Every structure is written in C-alpha cells, then in structure tokens.
Amino acid sequence: MINEMINEDELDDHLARRIRSMVLKDFGSKAEYQNRCTDIGLSVSTFENYKDQFIQEVNDDAIPELNPGVLIPVILREGLEGVQNRLIPNFLGFLEKASPKDAAPVAMVRALADCRYPHEWNPASRLLQRKVIMHVGPTNSGKTYSAIQKLKKAESGIYCSPLRLLAYEVFVRMNREGIPCRLITGEERREPEVDGKPLELKVGPLGKPHIPLMASTIEMANISTKYDVAVIDEIQVLTDMQRGWAWTQALHGLRAKEIHLCGEPTAVPLVQRLFKVMNEDVEVRTYDRLGSLQVSNVGLGSKWVNIKKGDCVVTFSRNMIFQVKRDIEQSTGMKCAIVYGGLPPETRAEQARLFNDPKSGYDVLVASDAIGMGLNLNINRVVFETLSKFDGKAMRPISISQVRQIGGRAGRYQSAYDKGVVTTLHNKDLHHLDKHINMLPPPLPSAGIKPPTNMIEMFSHQFPNVPFSKLWLMFQDCAQTTTDFHMCQFKDQKVIADSIESIPLSVQDRYQLMYAPIQIRDPDLLKTAVDVRPFKCIARM
Ligand SMILES: Nc1ncnc2c1ncn2[C@@H]1O[C@H](COP(=O)(O)OP(=O)(O)OP(=O)(O)O)[C@@H](O)[C@H]1O
C-alpha cells in the first residue's frame, strides 16, 4: 500500500495527485461506490451518468475539497482511506450543482447530515461573548503555568485535560494549595481532598460548600455549566482523528467568560478561523522555551549499556516497554520506572514520583508517547528506541509534532536538569531525529467533529432496519463539512457496532457505545459494556 511508506516530508503535490488518481480509478470502476450511492437513494443511472464528469472535475482541481493541498494532511492523518471517504460526499456535492434534479432523491438525507456549522450545535454558548487567550510556544515554555495562574484566581473554573494523569496532577496541586477542586474523568469522580483526607470547604452564598474548580478529562468536560475561566490544554489535539471532537466541542461549547488555550503555534490559524465564525477574537500570547534542548551528535549505538541516570527511553508498544525495562536493568544494574497510557493514574503518578526522586533508586524511565503531553518529569535525556509506531494498520513514522513534543520532555525548567538532550538508540535514526526536531510542523488542517446524537437519530428514521455500522457509513457519505472540519473515526467502531447489533438498543445507546473507548480485544469488557447501562462505567479516558 502506497500510504504505508509515506513520510511527512516526502508527500508533495505530485505524490498526492498520484494517490488521488489511484483512488479515483477505483471510484470509476468498483461496484462498492455505486452501491453506497444507491443505498442512500441515488439511482444507478444517475451515478453512471455523472461519475466520469466528476472524476474529470477532480483531476482538473475544480473541486477544492479534493485538491492536493487539502489532501496532503488528510493522507498523512488517515491514509488512502481518508481520500476514499471523501469521494462520495464530494460527488454528491458536485451532483447537486451539476444537476439539482438528479440530486433531488438525496437532498433530504444530505440536509439531515449537514455538519458545516458545528458551532451551532451549542446555542447556549453563542449567547456569550467569550474572551479567548491562546498561549502558544514550544514544550516547556510555561504556557500551561500561565493559564493555570488565571484559573487559580477564578471564582469558578475548569481545567480540560488531554490525559487522566494531567487532570489528576492539577486536582492534587490545587487542593494542596487550598483551592478546592473536583476531579472528573471517565473512570472516577473525586471530591476535594489532600492525601486522601477531605478538604475543609467554605460555605458559599447559598449555604452550600463552594468548590470553585474542576479538573476534567476533556471528553468529560461539562459544557452546560457556566464558568469564569476555562483552560483547554494541548489544543493541537483538536486535529486528532479519534479524539479531536472533544477539543472542538469544548472550544465551541464551553460557557466561560474567559477561555485559555495552551498548545503548539501550529494551531493558531485554525483556531482563529473557528472563533472568527463565532465573532470572537483570539489574543495570541507567544512563549519561548525555558532552557535549551539539543540533539546529541551520537546515538547509543544500539547498546543499552550506554544508558545513564536521568534518561527516559521512549518506545511505543506495551510489550516493548517491559522488554526495554528488563534489558536495561540487566545490562546496567539501574532500576527503571515505567509510564504508559494504560496504567491507572495513581500508579503512573507513583512511577513518575519514583523517577523524579533522586534518592528512590529508580534512575531511568521507560515510557510510551503518553509522556508527550504536559507531564513534568526530571528527564536529562530522551532516548527514542524507535521513531515509528503501529497505528492499528501499519507501522508509520511518528509525526514531526510528536517528535518535538516527546523530545521536549528533556530538560524541564526548575527540574534537576534544566538543559535537555535528545538522542536515539540506533545511530541510523539520529539523522531523522535531528531533521524533525528542528522542523516546524505545518499549520493544523482541520478540527475533528462528532455529530450530535439527535442528528444521527433523525437520520436513522430515514433508514429503518439498517444495521448501525452501515447507517454510520451512510451518514458519513451524506455528510457535508467544510475544509476546516473532519469527521472523527472511532477506534474499532465497526467491530463494536456489529458486535452489539443483535441486542435491542436505542440509536443513542449504539452511538454512545460505538465511540466509548472499549478494549475490544477483551470480549468480557465488551459484554459488560452492553450489559451495564449507563455506559459511563466503561469509559477509559
Ligand atoms: N513563571 C514560572 N515560575 C515558576 N515555574 C514555572 C514558570 N513557568 C513555568 N514554570 C514551570 O516550568 C515547567 C514547564 O511549564 P509548563 O508546564 O507551563 O510548560 P508548557 O509550555 O505548558 O510545556 P508543555 O507543552 O510541555 O506542557 C513546569 O514545571 C512549570 O511549573
């Protein structure tokens, strides 16, 4: 497959055109596309009459959504599938212009799947004029620190986190400083406490205890409450294929007088465009890195014996984390702490604490890319075990943004090592690392969206008795979006939807289950998810 071999810096207009031609050839010849169009109500003759004209228009770059410049980030993020998924919606858009009469049979279902104005999905927030401040800069530049300072002083506020562990960090820090803060994640809810003991709360004006702050994973952020200040961390994740919708929803929906966004400068143009549609201005504050970060001129020569105290080895599979830990402990005698996404927050925090404490005896950290977002660790040197990651389908080079985010964990301000070093296990990877760490990633192309449940329900009324996984595909074929948005795809969505198809459930329940982060490899968990409702118990954010 062509897309499995593409590096971020190799994909140019010419290659994007070649990939597009390949996909268009299938559109013209494979029965699948015709069937998908007839499933939603188009006649066979309409498809046959207009498909070649459509292919010609695309090849002439007359359909902006399928131009090479738009497709490059799509191919990098979604592979060939991203281009394939965009063909039918654009074919229907083309048909509507070319022959409204022939497009009439699908006009209503297209209107029901109109996702061009996601800011209208949160009408209550449109009544507010929100002040938006965007803190941007490289890693370790004090962006989150500045935003959190504002949150601390707020009468009411929310911190929206990309990770359970970061939400937990803010929860612990705020309560320790005497500022009552709740924790809300997919897994747990906690009232203000310090070291397991409830925090003494002041009584508010209505005679109830006043808890001003909430630290929440972004998927769980309550957007119906009013806040003085909201902080959205790692805003660049809004472009993520699976989770981006939660950032977009927070950005559109948070009912806060003041919103602070923290993240990479690459997010600025897209975020500005999204707020412009809502008539809200964005004040951009730019930060510089606190302390230097250097790429080493030597790798470890593929030898774990070259690991030193203060090193963090980054690898991308859970099996490798344990393997690397064993290898390092055997060849150096040093003990390794481990951090990866699947660990419970307390265990992760404990492992991070052990590594950060110079007297604990844990000198090395072995971690997954879970450390790439915001964690404060005393790392002297980040060592990439590899620069490729399995994305569920194929091994792909990690993005420039990921290289920079993960590498940037070395040398944290006011930590034991304020100058950071980045290197690779294998010398052959060093050149790639050096090139990418100094490269500015391109601006973010689009923000993820997840259509609201009522939209899917309305759409489903047009196609009774269609299995849900097929209905979701039909919705996406009909969906209209602008180039600023993309529809999020949920991990294993088809497998989940098909495995619950025979169980009597509402459309709302099916939709909710489909995007719940269920471990489908565990059949018991999937069964529990179906048996136990509401489904909050299985959320694993
Ligand atoms: N003005 C400051 N005073 C004291 N400590 C600070 C200050 N600014 C930043 N720090 C500390 O520096 C470290 C990095 O800051 P912060 O987490 O805000 O960086 P960031 O730019 O958000 O980085 P990342 O994107 O990696 O999360 C943190 O430990 C933070 O507490």
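Residues numbered from 1 in each chain as written. Predicted model: local features only at pLDDT ≥ 70, side-chain atom pairs only at ≥ 80, totals over all residues. Heavy atoms only, no water.

### So, the sheet that holds strand S1 (residues 131-136)
As summarised here, the arrangement of the eight strands in space is S4-S3-S7-S2-S8-S9-S1-S10, forming an open sheet in which the pairing is mixed. The sheet terminates laterally at strand S4 (189-190) and strand S10 (282-286), the two strands that pair on one side only. Where strand S2 (residues 157-161) and strand S7 (residues 213-217) come together, five bridges link them in parallel fashion. Its bridge partner lying in S7, Cys160 is registered against Ser216. (Pairing = 2+ DSSP bridges. Helix = DSSP H or I, 4+ residues; strand = E, 2+ residues; numbered from the N terminus.)

### As for the pairing of strand S18 (residues 420-424)
The buried fraction of S18 is high, at four of five residues. Here three bridges tie strand S11 (residues 293-295) to S18, and the two strands are oriented parallel to one another. Within S18, the position partnered with Val295 by the bridge is Val422. The sheet contact formed by strand S15 (residues 381-384) and S18 spans four bridges and is parallel. In the strand pairing of S18, Phe384 is matched with Thr424. (Buried < 20%, exposed > 50% of the residue type's maximum accessible area, 1.4 Å probe, protein only.)

### What to know about the pattern of salt bridges
Applying the stated criterion across every chain yields a total of 29 salt bridges. Where Asp26 meets Lys30, a salt bridge forms, and the shortest distance between an N and an O atom there is 3.6 Å. A salt bridge links Lys494 to Asp498, with the shortest nitrogen-to-oxygen separation between them at 2.6 Å. In this pair, Lys494 and Asp498 are both assigned in helix H18 (residues 493-499), four residues apart and thus about one turn of the helix distant. Note on Asp498: relative accessible area 35%, which makes it partly exposed. When salt bridges that share partners are traced, they join Arg17, Arg20 and Asp61 into one network. (Salt bridge = Lys/Arg side-chain N within 4 Å of Asp/Glu carboxyl O.)

### Description of the packing of helix H14 (residues 400-407) against helix H15 (residues 430-437)
Axis separation between H14 and H15 bottoms out at 9 Å; the angle between their running directions is 90 degrees. With respect to each other, H14 and H15 are oriented roughly perpendicular. Of the residues in H15, those touching H14 at Ile400, Val403, Arg404 and Gly407 are Leu433, His436 and Ile437. Looking at the contact of H14 with H15 residue by residue, the class counts come to four nonpolar, two polar and one charged. (Axes fitted to C-alpha atoms, helices over the stretch in contact; angles between N-to-C directions. Parallel < 35°, antiparallel > 145°, perpendicular 65-115°, else oblique. Contact = heavy atoms within 4.5 Å. Nonpolar A, V, L, I, M, F, W, Y, C, P; charged D, E, K, R; others polar.)

### Quick word on the domain arrangement of the protein chain
Often, the extent of an interface is quoted as the loss of accessible area on bringing the components together. The domain boundaries assigned to the protein chain delineate domain 1 (2-115 + 451-489), domain 2 (123-286), domain 3 (293-437) and domain 4 (499-541). Here the C-alpha centroids of domain 1 and domain 2 sit 35 Å apart. Across the domain 1/domain 2 interface, buried area totals approximately 740 Å², and carbon plus sulfur atoms make up 64% of it. Inspection of the domain 1/domain 2 interface yields one salt bridge. Residue Arg273 is joined to Asp484 by a salt bridge in which the shortest nitrogen-to-oxygen separation is 2.9 Å. In this structure, the connection of domain 1 to domain 2 is made through four residue pairs in polar contact (both at pLDDT 80 or more). Within the residue set of the side of domain 1 that touches domain 2, elements represented by two or more residues are helix H4 (68-78) and strand S20 (485-487). In terms of residue count, the dominant contributor to the side of domain 1 that touches domain 2 is S20 (three residues). (Domains from an automatic or database assignment. Buried area = accessible area lost by both parts, 1.4 Å probe. Polar contact = N/O pair within 3.5 Å; in protein donor to acceptor, adjacent residues only side chain to side chain.)

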